[in-house]
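Examination of the molecular architecture
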Amino acid sequence: MTQAQREDTGTSVEQTGRAAGGSRTGSGGMGPLGWLRWGWRQLTSMRTALILLFLVALGSVPGSILPQRGQAPEKVAEYLAEHRTLGPWLDRLSLFDVFAAPWFAAVYILLFVSLAGCVIPRARQHWRAMRSAPPPAPRRLSRLPQSASFRTDRDAEQVLAQARELLRRRRFRVAEGADSVAAEKGYLGEIGNLTFHLALLMLLLAVAAGAMLGYRGNIVLTEGGAFANSLAYYDQFTPGRRFDPDRLAPFSIRLEDFRASFVTDPGPQQGQALDFTAEIFYRERPDGPEKPYDLKVNHPLGVGGAKVYVLGHGYAPRFTVRDGKGDVAFRGAVPFLPLEQRTFTSEGVVKVPDARPEQLAFQMVFWPTAVADTRNRQIVSRFPAPLNPTVSLMTFKGDLGLDSGVPQSVYRIEGIGKTLQPVRDGSAVLKQGETFQIPGGAGSITFDGVQEYVSLAINHDPGRGPALAAAVLAVAGVIVSFTVRRRRVWVRAVPGEDGRTVVEIGGLTLGNPTAEFDDLVAALRRDDPPADEAAERSGAGSADETEE
Amino acid sequence: MADSDLANLSDQLALGAVLLYVVAMVGYALDLGFGRRRARAEAERAEPVEALVGAGGGGVAEAPPAEASAASAEEEGAERVERDWGRFAILINLLGWGAHLGMLVTRGLAAERWPWGNMYEFLSAIAFAAVTAYLVVLARYKARFLGAFVMVAAVLALGVATIWLYTPVGPLVPALKSYWIAIHVTAAIVATGAFTVGGAATILYLVQSRREERGASGGALDMLPGAQTLDRLAYKVTVFSFPIWTFAIIAGAIWADEAWGRYWGWDPKEVWSFVTWVVYAGYLHARATAGWKGRRAAVISLVAFAALLFNFFGVNYLFSGLHSYAG
Ligand code: HEM
């Protein structure tokens, strides 16, 4: 406690936090060093931290309004195509990657520095305050926001002894003066505050560490298919900056069966999904035992420090393609992309690079429960389960362009109209088991049946545990700091002119005055005769509204 | 009872709750509009203040100001009428609350799950939480003056739910099949309901403090307690809701880790619940430590409430996110 504060009792409780840096500076003119110090003090003040927190919130808002590359890159492309003038400007401001933007990082790094710079000196200061004695009573207790006085026949020593006893019982820290008692409590409020700030720091660190050391990736697994956790198997893989691919846990997963159930009752909810279950078997290590697991939404598998989630599912129709020479050029299941969840109408392509003399490709639509929509003379799907699986196809032949080395999407055919030409009369609708003879002797395609696939997300985030701990700590801290106030009480007892003892009580609370003060006064007076004519109450009692 | 009967009963109870709330709203309005003179209101004003402070550790009871006991016989007659309107409103309000509770329970029984799986159910439950929060405040702090305003909010919410968001009883989509719905969504509902009551008190505080500053008097607003009391009530309710809201967000993050493979991904719902959290934290901070007080702090709390509402209506209907049960 500095001397300056001791004199200025009116605000000393509030100032304890800021005093650490404040007492050292302020002498002489502002050289460059002075400015630096000034800037540092501004940055590390509680108010700046609060403003920065507001700015993080404000900065995240455009991220919720505009499409984001990290979540929906196709929507960003769409937006850019629609807004030719505005789009590029927004892009220049990183508004499509808000949460990875330099300005967003700047704000939270500043917040980070501000928190660290604020909390460390404050913690030191509080540690000292907790161990030093409560400040002695100011001269005029009646000037304090809460005060009371009365006269009593007991002598001063008795009253002070009672006050000490009373305050100790109420878990105040008590110090004695010549004719007075000083007491303080509510240190927990500041501890809560410090905990909150430290926990926020911990949270930011945990999030950053998790993102740097972890990884996330997606795979597609068809019934009967298997996956081993190595880079080659991933369709998409995003490592953290410090991730070491040699540390991928060597687990493997096999999809045995996928089951989905849907609402069958006619009505508005018909076709709504009820449950999906991917029945898998997995091994922690290549030589480990195989264990079964029911993978579902909300029921991920934890294995080797990673977690495996079901992201989605779809149909993978099976085909056999024979080429013009009569050889089997392709046989297998091909994952299709669902266009719609309620009916699972899906689309996909089959590419047959091994077909001779020319390569073949098929563009297809798949309906799990095909029915004819007579009005529009179309085929539609009535239900998401495969009750009447049907595909329509369009045939192309020529060069698939797979040798060019440019990677291709497995869901799209490239080069239509250039290297690949549509086959005349090459369209057909096939039910399960049916075969289509491609005109011109180019071969045939048979729709053998349907399998299902699941798309899985696999990730490893070592920061999730610490982040949760930090979040819980932050909340506990913030609640304590909002509810516990630091408060001081002084009691002075001196002999009056009439020989009776004059007792003065003063209270100082940061924030609202508490009822506790009135309880203390009532308790101190309890031993006196009730009709004490000199009893007077001044200043703020509990019913008073002043909040200083 | 068959599920469809239960579902029908639930719909009828919803209707009953709305009607009862409308009647209660009128009763509360009459209670505010008739009777008490300024002096009476003044006398009653001391009461909630005591109750508010008393919650912190047994306040000292004060005798009512002298002028209160000087009411004439004529005034007493007027007061009896007015008091009866208040009692009537509370009674009807309680009946409406019972119907509302019945609506949620029968809905849950009919669907065989927690009755907050779609927007209709969710909004109905928020309205229920708001009315419950008001009844608690009524019992603890004698805050009857809030009744009319909370009834308006409850009627609006239930009305919007039944007219525009109605969804027949049905099963949950797989994404919501988790015990976390009981934890995360319940917390979000309770917090939102309580924030609504805090918001009503804050608006009244702003109106009243402006009036007090201008020294205006007369009209129904005389029946409201003083600005300071309203401010404290708003603060207390918000201090109560804030940790619950925080808990809802953390539970949401744990659930998101379980369901989507990441605990925080800046999904629009996540962004807006974070914004709401920060702004409420700013309000509480301004109130708890020195600095921003009174009307400026109250405005922050209304901004937070607006963010909360936007999170519900705006985010669910304008943006597509993973929280896409709104459609
Ligand atoms: C970090 C993660 C999450 C956050 C911050 C979050 C936030 C919220 C918030 C603020 C609400 C309140 C409602 C509103 O104002 O609109 C809410 C409601 C809800 N949340 Fe979350 N949430 C998270 C994760 C989840 C997850 C993983 C699920 C389920 C898959 C989920 C399901 C729900 C549901 C069902 C509601 C109620 C709406 C309704 O009943 O239709 N939330 N969430």
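The rules behind each value
- Residues numbered from 1 in each chain as written.
- Chains lettered and ligands numbered in written order.
- Predicted model: local features only at pLDDT ≥ 70, side-chain atom pairs only at ≥ 80, totals over all residues.
- Heavy atoms only, no water.
- Axes fitted to C-alpha atoms, helices over the stretch in contact; angles between N-to-C directions.
- Helix = DSSP H or I, 4+ residues; strand = E, 2+ residues; numbered from the N terminus.
- Parallel < 35°, antiparallel > 145°, perpendicular 65-115°, else oblique.
- Left-handed = near helix turned anticlockwise from the far one by under 90°.
- Contact = heavy atoms within 4.5 Å.
- Nonpolar A, V, L, I, M, F, W, Y, C, P; charged D, E, K, R; others polar.
- Pairing = 2+ DSSP bridges.
- Phe/Tyr/Trp six-rings, centres within 6.5 Å; stacked < 30°, edge-to-face > 60°.
- Buried < 20%, exposed > 50% of the residue type's maximum accessible area, 1.4 Å probe, protein only.
- Lys NZ or Arg CZ within 6 Å of the ring centre and 35° of its normal.
- Salt bridge = Lys/Arg side-chain N within 4 Å of Asp/Glu carboxyl O.
- Polar contact = N/O pair within 3.5 Å; in protein donor to acceptor, adjacent residues only side chain to side chain.
- Patch = residues over 30% accessible without salt bridge, like charges linked within 9 Å, V, L, I, M, F, W, Y side chains within 5 Å.
- Areas by Shrake-Rupley, 256 points an atom, 1.4 Å probe, with all protein chains shown as cover.
- pLDDT = per-residue confidence, 0-100.
- Core = buried A, V, L, I, M, F, W, Y, C linked by side-chain atoms within 4.5 Å.
- Domains from an automatic or database assignment.
- Buried area = accessible area lost by both parts, 1.4 Å probe.

A short note on the packing of helix α4 (residues 119-141) of chain B against helix α6 (residues 180-214) of chain B
All names here are of chain B.
- Between α4 and α6, the least distance of the axes is 7 Å, while the angle of their chain directions is 55°. For the element pair α4 / α6, the angle class is oblique. By crossing handedness, the relation of α4 to α6 is classed as right-handed. Where α4 approaches α6, its residues F122, A125, I126, A129, A130, A133, Y134 and V137 are matched on the opposing element by V185, I189, V190, T192, G193, A194, T196 and V197.
- Along the lines of polarity and charge, the residues of the contact of α4 with α6 split into 13 nonpolar, three polar and no charged.

Focus: the sheet that holds strand β14 (residues 346-352) of chain A
All names here are of chain A.
- The five strands lie next to each other as β13-β14-β15-β18-β19, forming an open sheet whose pairing is antiparallel. Looking at strand neighbours, the two that pair on one side only are β13 (337-338) and β19 (420-431), the edges of this open sheet.
- As defined by bridge partners, strand β18 (residues 390-398) adjoins β19 across eight bridges and the pair is classed as antiparallel. Across the sheet, F396 pairs through a bridge with P422, a residue of β19.

Description of the packing of aromatic side chains
- Scanning the model with the defined rule gives 37 aromatic pairs over all chains in all.
- Measuring from ring centre to ring centre gives 6.5 Å for A:F336 and A:F366, while their planes differ by 85°; the resulting arrangement is edge-to-face. With A:F336 in the loop between β12 (328-333) and β13 and A:F366 in strand β15 (residues 359-367), this pair connects stretches of sequence that are 30 residues apart.
- Since its relative accessible area comes to 0%, A:F336 is described here as buried.
- Their ring planes at 80° and their centres at 4.7 Å tell us that B:F312 and B:F313 sit as a pair that is edge-to-face.
- Between A:R92 and the ring centre of A:W89, over which it is positioned, the NZ or CZ distance is 4.6 Å.
- Here the basic side chain of A:R525 rests over the ring of A:F150, its NZ or CZ set 5.2 Å away from the ring centre.

Notes on the interface of chain B and chain A
- The interface is formed by 57 residues belonging to chain B together with 55 residues belonging to chain A.
- The tally of links between chain B and chain A comes to three salt bridges.
- A salt bridge links B:D257 to A:R464; the nearest nitrogen and oxygen atoms lie 2.8 Å apart.
- Inspection of the region where chain B meets chain A yields 10 residue pairs in polar contact (both at pLDDT 80 or more).
- Listing elements by their share of the side of chain B that touches chain A, those giving two or more residues are α2 (38-54), α7 (227-259) and α8 (268-288) of chain B.
- Per-element accounting of the side of chain B that touches chain A gives the leading share, 14 residues, to α8(B).
- By residue class, the composition of the side of chain B that touches chain A is 34 nonpolar, 13 polar and 10 charged.

Regarding a nonpolar patch on the surface
- A contiguous nonpolar patch, built from A:M30, A:W35 and A:W38 and spanning about 340 Å² of accessible area, is present on the exposed surface.
- If you trace the backbone, A:W38 turns up in helix α4 (residues 32-43).

Focus on the confidence of the model for chain A
All names here are of chain A.
- Scored by pLDDT, chain A comes out at a mean of 83, with 90% of its residues at no less than 70.
- With pLDDT under 50 throughout, residues 1-27 is counted as low confidence; its partners more than four residues away or in other chains account for 31 contacts.
- Counting contacts from residues 530-548, a segment whose pLDDT is below 50, to residues more than four positions away or on other chains yields 43 contacts.

Here's the deal with the nonpolar core
- B:F145, B:L146 and B:L233 are the most contacted members of the largest nonpolar core, which has 120 residues in total.
- For this core, the element with the highest residue contribution is α4(B), accounting for 15 residues.
- Not counting residues up to four positions away in its chain, the partners in contact with B:L146 are B:Y134, B:V137, B:V197, B:A200, B:A201, B:L204 and B:L233.
- Counting 31 residues, the second-largest nonpolar core is a separate cluster that includes A:F243, A:F276, A:F383 and A:L456.

Some thoughts on the sheet that holds strand β5 (residues 226-228) of chain A
Residue and element names in this part refer to chain A.
- Strand order across the open sheet formed by four strands is β5-β7-β8-β9, with antiparallel pairing between neighbours. Only two strands of the sheet have a single neighbouring strand rather than two, namely β5 and β9 (291-295). Going from strand to strand, the sheet's axes swing by 25° on average, the running direction of each strand aside.
- For strand β8 (residues 273-283) and β9, the ladder comprises five bridges, and the chain directions are antiparallel. Across the sheet, the residue bridging to Y282 is K291, located in β9.

Observations regarding the pattern of salt bridges
- As enumerated under the stated definition, the model contains 30 salt bridges over all chains in all.
- Between A:E358 and A:K397 there is a salt bridge; the shortest N-O distance is 3.9 Å. One end of the pair, A:E358, is in the loop between β14 and β15; the other, A:K397, is in strand β18, with 39 residues separating them in the sequence.
- Take A:E358: its relative accessible area is 37%, and that puts it in the partly exposed class.
- The residue B:E121 makes a salt bridge to B:R113 at a minimum N-O spacing of 3.0 Å. One exposure class covers both B:E121 and B:R113, and it is buried.
- Overlapping salt bridges bring together A:K307, A:R464, B:D257 and B:E258 as one network.

Some words on the domain arrangement of chain A
Residue and element names in this part refer to chain A.
- Domain annotation for chain A reports domain 1 (35-132), domain 2 (137-186 + 485-548), domain 3 (212-312 + 458-474) and domain 4 (317-448).
- Between domain 3 and domain 4, the C-alpha centre-to-centre distance is 30 Å.
- Residue-level contacts link 10 residues of domain 3 with six residues of domain 4.
- Summing both partners gives a buried area of about 630 Å² for domain 3 against domain 4, and 70% of it is carried by carbon and sulfur.
- For the pair domain 3 and domain 4, the number of links is zero salt bridges.
- Viewed at the interface, domain 4 and domain 3 are joined by zero residue pairs in polar contact (both at pLDDT 80 or more).
- The residue inventory of the side of domain 3 that touches domain 4, partitioned by class, reads four nonpolar, six polar and no charged.

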